[in-house]
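Residue-level structural notes
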Amino acid sequence: MITLDDTQLYRITDVMQLLRLSRSLIYDQIRTGRLPSVKQGRARLITANGIRAYIALLEQESSR
């Protein structure tokens, strides 16, 4: 099981497990700017802070 811990960069497959979302939804959220990401070579990576910010955004939207 993947947990959000001391790791700073997560691969898409890890983020899929953490957030329990599909690959296409993760990439859609990256494309729209809702889930920040970085590139290292050809790899698309998500920062731990980006995951936390995305969760906070979802919580904010659900309380409206």
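Before going into details, it helps to say that this report is about the structure given with it. (Residues numbered from 1 in each chain as written. Predicted model: local features only at pLDDT ≥ 70, side-chain atom pairs only at ≥ 80, totals over all residues. Heavy atoms only, no water.)

Regarding helix H1 (residues 12–19)
All of the buried residues in H1 are Ile-12, Val-15, Leu-18 and Leu-19. One side of H1 carries all its buried residues, which in axial view fall inside an arc of 120 degrees. On its buried side, H1 packs onto strand S1 (9–11), helix H2 (23–31), strand S3 (43–47) and helix H3 (48–62). Arg-20, located one to two residues past H1, shows a positive phi value of around 55 degrees. (Buried < 20%, exposed > 50% of the residue type's maximum accessible area, 1.4 Å probe, protein only. Helix = DSSP H or I, 4+ residues; strand = E, 2+ residues; numbered from the N terminus. Arc of directions from axis to C-beta. Contact = heavy atoms within 4.5 Å.)

Looking at unusual backbone geometry
Unlike most non-glycine residues, Arg-20 shows phi in positive territory, near 55 degrees. Structurally, the position occupied by Arg-20 is in the loop between H1 and H2.

Comments concerning the side chain of Gln-29
Here Gln-29 shows up in helix H2. A polar contact is formed between the side chain of Gln-29 and the side chain of Tyr-54, at a distance of 3.4 Å. In this structure, Gln-29 is in contact with Arg-34, Leu-35 and Tyr-54, ignoring residues within four places of it in sequence. (Polar contact = N/O pair within 3.5 Å; in protein donor to acceptor, adjacent residues only side chain to side chain.)

On their own, these measurements won't tell you what the molecule is for.
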